[in-house]
Amino acid sequence: MVQGSANLNMELTEKWLQDYVDNWVSFFKKQTVEGEVASYIPVLAAADREALGISIIGKNGGTIKSGTIESKFTIQSISKILTFIVACMERGLSYVLNRVDVEPTGEAFNSIMHLEMTQPKKPFNPLVNSGALTISSMLEGNTSDQKLETLFILLEKIIGYRPEINVEAYESERDTSMRNRAIGYYLLEEGYLESDLGITLETYFKQCSIDVTIDDLARIGLVLSNDGLDPDTEEEIIPRKVTRLAKALMLTCGMYDASGKFAAYVGIPAKSGVSGGIMAVVPPRVREEEFPFLEGCGIGVYGPALDNQGNSMAGIKLLRHIANQWDLSLF
């Protein structure tokens, strides 16, 4: 009887949380009208501006999903933290950090100016475009497909299937991304690219065009929350040192030039992309009160209406509300 009561209480708690999150998503969905979908990449301009969804996956198996949960979208800049992880696993931390710094920057993610104004002129961090292109160039392999193979192997280990490249999105980015080509030429001149510029750009455009769901993002976030270990088997998927550095970069640099405000008001590592995706990581935490997901969780958000920094307008507001209500902040 006691066991039955415990199960009933758990079911009631899960239903209460689900209803709670459903209400939050409905409320913040109204605020998507304040943002605009990315139009400089033509294929992204077709996204539903009013879409908003969230997936939360906990270490204990608890899952909450609400809103637009089935849609696939391109991973975009969220891929930068994953290729950074792959580069560190293939080449070693010291090798990678000798070529790309880990400093935040208040400049836009596609800025060239900071490269010219600093000494040495290496990219500030792997999550701005100059750093991401440098990372893409150092991935092992002679072709873009070879360079991305380790990334696909890593993703398959984490999410349980091999995702696909959205060819339309890849071609759209390849044919319109003049700024990234300019950054690439600058990096080539400064000696930071380790592969042919064409191969480097092809690799970068392809990694940004991988299709994912919010469940995929939440699952990746959960593995990072668990210090790189599979939450079900405790098998090491990503080395602990690499995972911890990746989370530090997400906290300080993951939300473009709004990273400082996000760290102050939300307080969890996260990485966004201009398709409207956000991957957030909630490490285990100790609290006197009982809050949901105290053992840690991964969160995936999709809301293609963006703010001026290129982050999901409603997605950030939803995450901020959840972080405040559930005391998710690291601080």
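You'll find the structure just up there.
A brief structural summary. Everything quoted here is computed from the prediction, not taken from an experiment.

**Looking at the overall build of the protein chain**
- Broken down by element type, the protein chain carries 13 helices and 7 strands.
- Over its C-alpha trace the protein chain gives a radius of gyration of 19 Å, about what one expects of a compact globule, namely 20 Å for 331 residues.
- With the C-alpha coordinates aligned to their principal axes, the bounding extent of the protein chain is approximately 70 × 40 × 35 Å.
- Counting every position in the protein chain, which comprises 331 residues, the buried fraction comes to 56%.

**Structural notes on the state of the cysteines**
- Applying the stated criterion to the full structure yields 0 disulfides.
- Among the cysteines around Cys 88, which has no disulfide bond, Cys 253 carries the closest sulfur, lying 14 Å off.
- Of all cysteine sulfurs, the one in Cys 253 lies closest to Cys 208, which takes part in no disulfide; the gap is 17 Å.
- Taking the relative accessible area as the measure of exposure, Cys 208 reaches 1% and is therefore buried.

**Comments concerning the pattern of salt bridges**
- Scanning the model with the defined rule gives 16 salt bridges in all.
- Salt-bridge contacts for Glu 149 lead to Arg 162; the nearest nitrogen and oxygen are separated by 2.8 Å. Of this pair, Glu 149 sits in helix 6 (residues 144-159) while Arg 162 sits in the loop between helix 6 and helix 7 (167-176), placing them 13 residues apart in sequence.
- For Glu 149, a relative accessible area of 32% corresponds to the partly exposed category.
- With relative accessibility at 38%, the residue Arg 162 sits in the partly exposed group.

**Notes on the environment of Gly 61**
- Following the sequence through the fold, Gly 61 ends up in the loop between strand 1 (53-58) and strand 2 (63-67).
- Overall, the relative accessible area of 52% leaves Gly 61 in the exposed class.
- C-alpha of Gly 61 to C-alpha of Cys 297: the two residues are 236 residues apart in sequence and 9.4 Å apart in space.

**Notes on the packing of aromatic side chains**
- Overall, the coordinates contain 7 aromatic pairs when judged by the stated rule.
- Aromatic ring contacts, followed pair by pair, group Trp 16, Tyr 20, Trp 24, Phe 293 and Trp 326 into a single cluster.
- Directly above the aromatic system of Tyr 170 lies the positively charged group of Lys 206, at a separation of 5.8 Å from the ring centroid.

**Topic: the nonpolar core**
- One finds Ile 81, Phe 84, Ile 158, Ile 220, Leu 224, Ile 238 and Met 279 to be the most contacted residues of the largest nonpolar core, which totals 42 residues.
- Going through the elements one at a time, helix 2 (79-91), helix 5 (129-138), helix 6, helix 10 (214-225), helix 11 (240-253) and strand 6 (277-282) are the ones with two or more residues in this core.
- Residue contacts for Ile 158: discarding those within four places in its chain leaves Arg 219, Ile 220, Val 223, Ile 237 and Ile 238.
- By size, the runner-up hydrophobic cluster in this structure holds 29 residues, among which are Ala 270, Ala 280, Val 282 and Val 301.

**Observations regarding helix 10**
- The end-to-end C-alpha distance of helix 10, which contains 12 residues, comes to 16 Å, matching closely the 16 Å that a straight helix rising 1.5 Å per residue would cover.
- For helix 10, the buried fraction is high: 11 of the 12 residues fall into the buried class.
- For helix 10, the set of buried residues is Ile 214, Asp 216, Leu 217, Ala 218, Arg 219, Ile 220, Gly 221, Leu 222, Val 223, Leu 224 and Ser 225.
- Following helix 10 by one or two positions, Asp 227 has its phi on the positive side, about 55°.

**Notes on the pairing of strand 7 (residues 297-302)**
- A large share of strand 7 lies buried, amounting to 6 of its 6 residues.
- Side chains of strand 7 alternate between two faces, with Cys 297, Ile 299 and Val 301 and Gly 298, Gly 300 and Tyr 302 buried alike.
- Looking at chain direction, strand 1 and strand 7 are connected through 6 bridges and run antiparallel. Of the residues in strand 7, the one forming a bridge with Ser 55 is Gly 300.

**Side note on the environment of Ile 268**
- You can see Ile 268 is positioned in the loop between helix 12 (259-265) and strand 5 (270-272).
- For the pair formed by Ile 268 and Asp 22, sequence separation is 246 residues and the distance between their alpha carbons is 22 Å.
- Setting aside chain neighbours within four positions, we find Ile 268 in contact with Leu 251, Phe 262, Ala 280, Val 281, Val 282, Leu 328 and Ser 329.

The rules behind these values
Residues numbered from 1 in each chain as written. Predicted model: local features only at pLDDT ≥ 70, side-chain atom pairs only at ≥ 80, totals over all residues. Heavy atoms only, no water. Helix = DSSP H or I, 4+ residues; strand = E, 2+ residues; numbered from the N terminus. Rg over C-alpha atoms; globule rule 2.2 N^0.38 Å. Buried < 20%, exposed > 50% of the residue type's maximum accessible area, 1.4 Å probe, protein only. Disulfide = S-S within 2.5 Å. Salt bridge = Lys/Arg side-chain N within 4 Å of Asp/Glu carboxyl O. Phe/Tyr/Trp six-rings, centres within 6.5 Å; stacked < 30°, edge-to-face > 60°. Lys NZ or Arg CZ within 6 Å of the ring centre and 35° of its normal. Core = buried A, V, L, I, M, F, W, Y, C linked by side-chain atoms within 4.5 Å. Contact = heavy atoms within 4.5 Å. Expected span 1.5 Å × (residues − 1). Pairing = 2+ DSSP bridges.

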